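Secondary and tertiary structure notes
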Amino acid sequence: MIHEGTTDHATTRPVRVAVVGAGPAGIYAADILTKATPTATVDIYDRLPTPYGLIRYGVAPDHPRIKEIITALHQVLDNPRIRFIGNIDYGVDVKPEELDQFYDATVIATGANQDRDLDIPGIDLPGSFGGADFVSWYDGHPDAPRDWPMTAAKVAVIGAGNVAVDIARILAKTADELLETEIPDNVHRHLVTNPVTDVHVFSRRGPGQVKFTPQELRELDESPNVEVIVHPEGIEFDEASLATIRSRRSVKMCVDILQNWAARDSRGRTRRLHLHFLQAPVAILGTDRVTGLRTETQQLTGDGWVRGTGAYTDWDVQAVYRAIGYLSRPVADLPFDPATGTIPHAHGRVLDLDGDPIPGRYVTGWIKRGPVGLIGHTKKDANETIASLLADLPTLPTVTHGDPADVLTHLQRRSLNHTTWAGWQRLDRHEINLGRPHGRKRVKVVPRDEMIGISNTPEPQPDTRA
Ligand code: NAP
C-alpha cells in the first residue's frame, strides 16, 4: 500500500501521467498516484464522453447499490490535480508517441467489455447474442444499437457467473419493474414488448463450481413476477466440490440457496427462470434463426471439472445469450495476449515481445489481470502498478511539454472535440433532471453526439443584475 508522503519513491519533480480508461481501475490509479506524490498531475482519457466505465455501462440498472461506487469515484475526479479528458480514443484519435511529449508515463486501464468467443455450431445465427452486447444495450452505451429484438418467449443464457445472472434477471423481470431505474427510454420501450415466459440458465459444471456471488444469486428470487426453478438433476458434488464448499463461504452460501430452491414447491408465477447444472452447450440449432439449444449432460470428474456423458438434450428456445466471460481489446500498438485478453506485464510494467519493460508504459485493472474479481480488487492492482511507476521515475525521460495546458492546446489544434469533468457534471445534472418529473433517479442520454453537445454547452448563468 502506498501512503501519502511516505513513499520510498517520493519525488519533488513535477510528474505528468496519462491514464487511459476512466473506469474504476483508471480512477483508482490516479487517486493512488496523486495521494502518493504531491507533485503529480494526471489526465484520465476515455474513448467515451463520460467517466466511470463499467459502472455506468456494465453494472445492471437494477443494482443501484453498486452504482453508488460512483460517489467515491466522483470525489477522486473532483481533485484539481486530476483532469478527465473524454471522447478521445487512445491509439485512434491520438497515437501513444504523440502523447509521450506531454507525459512521463501512460497507464493503460481500458478494462474488458467484449464477449469471449464460444466456438459452437450456430453461434452466428440471428437470435444468438453476446452477453456483453446485451449489457451495453440495456445500459444505454452510445455504440450499442438502439433496438434489440425482443421476440423470444423462451430464452437460454449460457454461463454461471454474475453477468449470466444479470442478463437472466433483466430478461425475466417485467419492464415496469425496471422503470424506476435509470434505463434509457429506448430500452424500456423494447422491454415492454418482451414476450418471455421462460429463461433457462445453463451451467456446464455443478453447483460447487458456480461463479455467482450469493447476493446476486439471491436477487434472482426477489421479483414478484418471476419464479426461480432449480432443476435437481444437476445438483451433484464431487470431492473437489465438497472441498470448495468447505473452504469458500460464498460457494457454500450459493449451494445452500440452490438446494433450498430445488426443494420448494411451485409458486405458479407467469415468468419462470430455470437454473440447470451439468449441461454444456454443444450447438445452437436453427437454419436461418435460433430455434433451439443442444446441451450435453456432464459428469463431475472428481477434480471439479467435467466430462461429457454423450447424452444430449435439445431445448426449445428462440434466443441464446452467452455470458461466458469478458475479453479486453488490444490497445494501440502495445503487446497483447489474445488467449488471456491481457497486456503482458511484470508488476504493472508493460513488457515487449522479448519480455523487457517498455519505458513509460504501465497497465492496471482487468486488462492487466483478466476480467475476474469485484470492483474493489482493482485497487490492489493499482497499488502495485503505481509503485512500479514511481520506482521507475528517475529513469524515465523528462517530458518536453510538461505544462498541463500544452496537451489541451494540442488536442484543440488537432480539432479533437474532447469532453471534460465540468462537462460530465452538466450531463449528469441533465440526466437527473430528465428523470425527476417521472420520479426516476435519472434517465440516461444515449446518442454520443447528444452527450457531447450537452457536456460541452455551458448552461446559461442566471442574470444577477437588479
Ligand atoms: P465469470 O464470473 O468468469 O463467469 C463465466 C461463466 O461462464 C462461468 O460459469 C464459466 O464456467 C462459464 N463458461 C466459460 N466458458 C464456457 C463455455 N465454453 N461453455 C459454457 N460455459 C462457459 O464471468 P462474468 O459472469 O462475465 O463476470 C466477470 C466478472 O464481473 C466477475 O468477476 C463477476 O463477479 C463480475 N461481475 C460482478 C457483478 C456484481 O457484483 N453484481 C455483476 C456482473 C459481473 P466455468 O467456471 O466452468 O469456466
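Note that this is a predicted model, so its numbers are computed, not measured. (Residues numbered from 1 in each chain as written. Predicted model: local features only at pLDDT ≥ 70, side-chain atom pairs only at ≥ 80, totals over all residues. Heavy atoms only, no water.)

A look at the overall build of the protein
Regarding its fold elements, the protein presents 17 helices and 18 strands. A compact globule built from 466 residues should have a C-alpha radius of gyration of about 23 Å, and the protein, at 24 Å, falls within 12% of that. By residue count, 54% of the 466 residues in the protein fall in the buried class. Of all intrachain contacts in the protein linking residues separated by at least 6 positions in sequence, the fraction that spans at least 24 positions is 76%. Considering the protein, the positive charge centre built from 51 side chains and the negative charge centre built from 61 side chains are found 3 Å apart. (Helix = DSSP H or I, 4+ residues; strand = E, 2+ residues; numbered from the N terminus. Rg over C-alpha atoms; globule rule 2.2 N^0.38 Å. Buried < 20%, exposed > 50% of the residue type's maximum accessible area, 1.4 Å probe, protein only. Contact = heavy atoms within 4.5 Å. Lys, Arg positive; Asp, Glu negative; His and termini not counted. Charge placed at Lys NZ, Arg CZ, Asp CG, Glu CD.)

Description of the domain arrangement of the protein
For the protein, the assigned domains are domain 1 (15-113 + 329-418) and domain 2 (116-326). Using only C-alpha atoms to locate each centre, domain 1 and domain 2 end up separated by 33 Å. On the side of domain 2, 23 residues touch domain 1, which itself brings 20 residues to the contact. When residues of domain 1 are sorted by the area they lose upon contact with domain 2, Tyr57, Pro61 and Asp62 head the list and together hold 36% of the total. (Domains from an automatic or database assignment. Buried area = accessible area lost by both parts, 1.4 Å probe.)

Topic: unusual backbone geometry
Here Leu278, not a glycine, exhibits a phi torsion of approximately 60°, which is positive. Mapped onto the elements, Leu278 comes out in the loop between strand E10 (271-276) and strand E11 (279-285). For Leu278, a relative accessible area of 2% translates into the label buried.

Notes on the site of the ligand
Neighbouring residues of the ligand: 23 residues in total, closest Ala160, Arg204, Arg205, Lys211 and Gly373. The side chain of Asn162 places a nitrogen or oxygen atom 3.0 Å from an oxygen atom of the ligand. Broken down by element, the shell around the ligand gets its largest block of residues, three residues, from helix H7 (residues 162-172). Two domains each provide a minimum of three residues to the shell around the ligand, namely domain 1 (15-113 + 329-418) and domain 2 (116-326). (Near = heavy atom within 4 Å. Polar contact = N/O pair within 3.5 Å; in protein donor to acceptor, adjacent residues only side chain to side chain.)

Here's the deal with the packing of aromatic side chains
Under the definition given, this model contains 11 aromatic pairs. Look at Tyr52 and Trp424: their rings are 5.7 Å apart centre to centre, the planes differ by 85°, and that puts the pair in the edge-to-face class. Of this pair, Tyr52 sits in the loop between strand E2 (40-45) and helix H2 (53-57) while Trp424 sits in helix H16 (residues 421-435), and the two are 372 residues apart along the sequence. Accessibility assignment for this pair places Tyr52 and Trp424 in one class, buried. An aromatic cluster is built from Phe129, Phe134, Trp137, Tyr138, Trp148 and Tyr321, whose rings are joined through pairwise contacts. (Phe/Tyr/Trp six-rings, centres within 6.5 Å; stacked < 30°, edge-to-face > 60°.)

Section: the sheet that holds strand E17 (residues 349-351)
Ordered in space as E3-E2-E1-E4-E18-E17-E16, the seven strands form an open sheet in which the pairing is mixed. Unpaired on one side and paired on the other, strand E3 (82-85) and strand E16 (345-346) mark the two borders of the sheet. Looking at chain direction, E16 and E17 are connected through two bridges and run antiparallel. Bridged to His345 within E17 is Val350. In this fold helix H15 (residues 404-413) packs onto strand E1 (15-20), E2 and E3, with an angle of close to 5° to the strand it touches most, E3. (Pairing = 2+ DSSP bridges. Axes fitted to C-alpha atoms, helices over the stretch in contact; angles between N-to-C directions.)

Quick look at the sheet that holds E10
Backbone hydrogen bonds are what pair the strands of a sheet, in a parallel or an antiparallel way. Spatially, E6-E14-E7-E8-E10-E9 is the arrangement adopted by the six strands of the open sheet, whose pairing is parallel. Of all the strands in the sheet, just strand E6 (128-130) and strand E9 (226-230) have a single pairing partner and so form its edges. If you compare each strand with its neighbour and ignore which way they point, the axes differ by 20° on average. Those strands touched by helix H12 (residues 249-263) are E9 and E10, and its axis lies near 100° from that of E9.

A word on the nonpolar core
Burial of nonpolar side chains together is a common tendency in soluble globular proteins. Residues Phe134, Val157, Leu275 and Tyr321 are the most contacted members of the largest nonpolar core, which totals 50 residues. At seven residues, H7 tops the list of elements feeding residues into this core. If you count residues domain by domain, this core takes at least three from each of domain 1 (15-113 + 329-418) and domain 2 (116-326). In this structure, Leu275 is in contact with Val201, Leu217, Leu220, Val228, Ile229, Val230, His231, Leu258 and Trp261, ignoring residues within four places of it in sequence. Grouped together as the second largest cluster of nonpolar side chains are 40 residues, Ala30, Phe84, Ala109 and Leu427 included. (Core = buried A, V, L, I, M, F, W, Y, C linked by side-chain atoms within 4.5 Å.)

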